[in-house]
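Single-letter residue listing:
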Amino acid sequence: MAIRPMEPSGQCESELAAVGVALPELLAPAGGLDQMLAAIAAGADAIYAGLDGFNARVSAHGFSDDEFARGCAVAHAHGVRVYVTLNVFVFDDELADAVALGAHAHALGADALIVADAGLACALRAAIPGVEIHLSTQAGAHSEGAVQLAAKELGVERVTTARELSVAEIGTLCATGVPIEVFCHGAICIGYSGACGFSALRRGRSAMRGDCTQPCRLSYDLVDEAGQSVVAVEGDRLLCPRDYLGIAHLPELVAAGVASLKIEGRMKNPDYVFNVVRVWRRALDMLRDGAWDADAVPALERELGRSFNRGFTDAYLRGRSGAELMSFERAINQGVRVGHLVAVGHEEVTVELDAAVAAGDTLEIRFYPGADARPDVPKRWPQVPCPVDAVAGERIVVHCKRKVDAGCEVYLIRSAGVLGQTATVLERMRAEADAVTPVERSVEVLPFEGVLADGDVPTELAGPGEPAKREDFARMVFAWELMDVDPRDERDLSDATVVLDEVCRAGDAERTRALMQRAGRIVCRNLGQVAIARELGTAFDVAAPVFCANRATLAWLRGLGAGWVYLPAELLGNDRERIAELAAEPGVLGPVDADRPELMVCEHCLLTAEGVCATDATGQVSCRDCSRRRQTRYLVERDGTRLPVAVDACGRTRIFLS
C-alpha cells in the first residue's frame, strides 16, 4: 500500500535545491562488519554500531576489535562517519568500564558516541577531551526545551528525538539550531523510548539496559471488568505497531532542517541494510538533483517492502496514532504485495502479477476462510518459491500443496535479487576490508571523579531509599489523572505534589506551565519539564523517565536544581544491591509510582482495538469526551495475568503492573 505525503507545510520539493537546503546525513545501522560494509556500499553517510555491552541491542552479533577497526578504516576511506552506541543506563560500578569502552571505540575509529545516561555523558565529556556526544532517543527529548537543555547542560552535539513526533514538531526542534536526528525507517517501539519498563518488570530483562524481550510483539486480549473480551479488530497483537516509513515525507523533513535521517535495524541482516540504505540514498539523490517526483514514491516504497517489514505506516509524521499505526494480525515480516490468485488447480496456483518477481523469490499466499466457513477452519499463509522471472501484468504458475482460494493476495517476503546483489557487494567490500591496515588512535583518558555526587545534599529532604507513597504527602496526584478529575483546573493544588506526565511535547507545554504555577511541589518526568521549571524558577523534583541509575547522574540532576530524586521502579528488582550506594544518598527516594508501577506509556490509544475510534468516525468527539475511556479495561497476557489499562484525556495509553 502506497503511503501518500501530507500537504507540505513549507517549501515544496522543487524549491529545495534552489534555496540551497542541505541534505541530511543518511545514518545506517550495523550489527556487525558485513552490515557495516553493506551500508557503505549502499551509500550511507554515517553508520551506528554497538561494541560489546552498554548498548541498546546487546544481542546483536557485534564486532571484534579488528573487525570494527577495519570497518572504520573502510568507512573513512569512503567519507563515511561511524558512531558507537553507549545508549543504556549504567550503574556506579559500571561507569569506569563504560568510559573505557567509549575511549576504546574512539581509539579504534569511532567519530562520535551515542549516549542516553546523563551521568555517563558527563563522565565521557570529562574523561575524553573533545569527544563528540549525541543524545539517544532513550533520553526522551520531545520538545524545544529538552533539546536546548541537552545541548547546553550536557554539551551534546546532536539530539535524537522521539519517533512519535509529527513533521511540524520536528521542524520546531530543528529551529532551535541544535542538530536533530530523526528516525525515518524501521521498527517502532509502541511505548515511548526511555519510558518503558514492561520487559524489566514482567520479564526481568530491562529495555533500558539493552535487553528488551519485546513484549509489545506478543499476543494479548483486552477485556472488560467481567473478563469478557472487547477486541473487535482482526488479530491479537494489540501492542504491535507497523514499521516506520517516512520516505513520502522526505521533502518536508529536508525542508524542516533535520541533520540526520536514521534507519532502524542493528538486529537486521546485511541484505536489509543494503536494500533499505540504497533506496533512501536514491531518494535523497533525486531530491538533490531536482529530480524528485511524488509519483515516484510508490515505487520507492515497493522496493523498501522487499526487505523485512511488519507493514508500513507514516501515522506519527502526520500527527496520527490510531489503529492505522498497528499491525494487529502479525508481528513478523509482511513483505510487499505482488499479485493475487486467479486460478487454483491440483497442487498449483496461477498468480496474476502487479509487480515484478524473480526466480528464487519466496512468495506468501494469504488465505482467509470465508465468512460461512466453520470456526475451526484455520488461516493458511503458505510460503512457496517463485519458479520464473516475470513482470507486472504477467501470469505465472506456482506450485502450492496447501488449500487456498482464487482471489487470495500474494506477497513477496524474500527477494532473491536483493540477496544476490548483497552477496556480490559484500564479496567486493570484504576484500577491501581485508586489505586495509587499521591505525589505532591515541586517546588520553582523564580522571572523572568530579562528576560523582559528593554528598553535599540537604539531609532534611528525605530518608535514603524510602519508597515514595501517596500517604507520605498531604496529596500526591498524577497530572494525567487531573485532566479528568479537574477538567476546568479549579482545584487547589497548593498543598499537593503533582507528578507530571512522562511525555512533554509541544502540545503539553501550556498545561505543564499552569500546573507548575499551581502545585505545592512538582515532580518532573521529562527533560522538557525540567527546562520549563528552570525557566519559571519553580522548585522541582525528578522521577523516571528522567532515569537515574548512578551518582554521576544524581550530581548532574542536583546541578540542574532538582530536589528529591525518585529511582525507577525497575531498579528495585534484580538491581537492588547494585543501587544501594545510590539509594543511600540523601534526598533519593524509591519509585514515585511504587503503589502502582507503570509498565508503559504510548501515544497510541489501545482502545482502538475495540473498533473505530469515535474521534476518527465523527470528528466531533474529543479524547476527553470519549465514553470508552471511562470503562474498566485490562490487557491480558498469555498466562492470564491482567494488567490494568488507563487512557488519558490526550488519548495516551498507560499499562500498569497488576
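This text gives an overview of the structure that appears in the document. What you see as residue numbers is a count from 1 along each chain, following the sequence as written. Side-chain atom pairs in this predicted model are given and counted only at pLDDT of 80 or more, local residue features only at pLDDT of at least 70, and totals for whole chains, interfaces and linings cover all residues. Note that water and hydrogens are dropped before the side-chain values are worked out from all heavy atoms of the structure.

**Brief notes about the nonpolar core**
In plain terms, the rule: Throughout this description, the term nonpolar core refers to a set of buried Ala, Val, Leu, Ile, Met, Phe, Trp, Tyr and Cys residues connected via side-chain atoms within 4.5 Å. The cut-offs for exposure are 20% and 50% of the maximum accessible area for each residue type, with area from a 1.4 Å probe on protein chains only; residues under the lower value are buried, those over the upper are exposed, and the others partly exposed. Only DSSP runs of H or I reaching four residues or more are called helices, and only runs of E reaching two or more are called strands; each is numbered from the N terminus. When checking whether two residues touch, look at their non-hydrogen atoms; a contact exists if any pair is within 4.5 Å.
Of all hydrophobic cores here, the largest spans 169 residues; its most connected members are F68, W280 and V498. With eleven residues, helix α10 (residues 270–288) is the single largest residue contributor to this core. Apart from residues no more than four positions distant in its own chain, V498 is found in contact with V477, A479, L482, L493, L515, A519, R521, I522 and V523. Residues V351, L363, I365 and C408 belong to the second largest nonpolar core, which totals 21 residues.

**Quick notes on empty space enclosed by the protein**
Our working rule: Only protein atoms enter the 1 Å grid used here, on which a cavity is any set of points holding a 1.4 Å probe that cannot leave and a pocket is any open set flanked by protein within 12 Å on both sides along at least five of seven lines; residues with an atom within 4 Å of a point are listed as lining. Grid points are joined across faces, edges and corners, and a volume is the space filled by probe spheres set on the points. Residues are grouped as follows: Ala, Val, Leu, Ile, Met, Phe, Trp, Tyr, Cys and Pro are nonpolar; Asp, Glu, Lys and Arg are charged; all remaining types, including Gly, are polar.
This structure, assessed with the given rule, holds six cavities of 30 Å³ or more. Here the largest cavity is characterised by a volume of approximately 250 Å³. The wall of the largest cavity is formed by 23 residues, among which A544, P568, A569, D593 and E598 lie closest to the centre. In terms of residues, the lining of the largest cavity owes the most to one element, strand β24 (residues 598–602), which gives four residues. Of the residues that constitute the lining of the largest cavity, the class distribution is 16 nonpolar, two polar and five charged. Roughly 140 Å³ of volume is contained in the second largest cavity. Taken together, 14 residues make up the lining of the second largest cavity; nearest its centre are A116, A139, L527, V546 and F547. No other element matches helix α16 (residues 551–560), which puts three residues into the lining of the second largest cavity. Residue composition of the lining of the second largest cavity, grouped by class: twelve nonpolar, two polar and no charged.

**Details of helix α14 (residues 509–518)**
Let me state the cut-off plainly: When we speak of the arc, we mean the arc of directions from the helix axis to the C-beta atoms.
Those residues of α14 that fall on the buried side of the exposure criterion are T512, L515 and M516. For α14, the angular spread of the buried residues around the axis is 100°, confining them to a single face. Summarising the geometry of α14, the exposed residues directed more than 90 degrees from the buried face are E510 and Q517. Of the surrounding elements, those touching the buried residues of α14 are α13 (479–485), β19 (496–499), β20 (521–524) and α15 (527–536).

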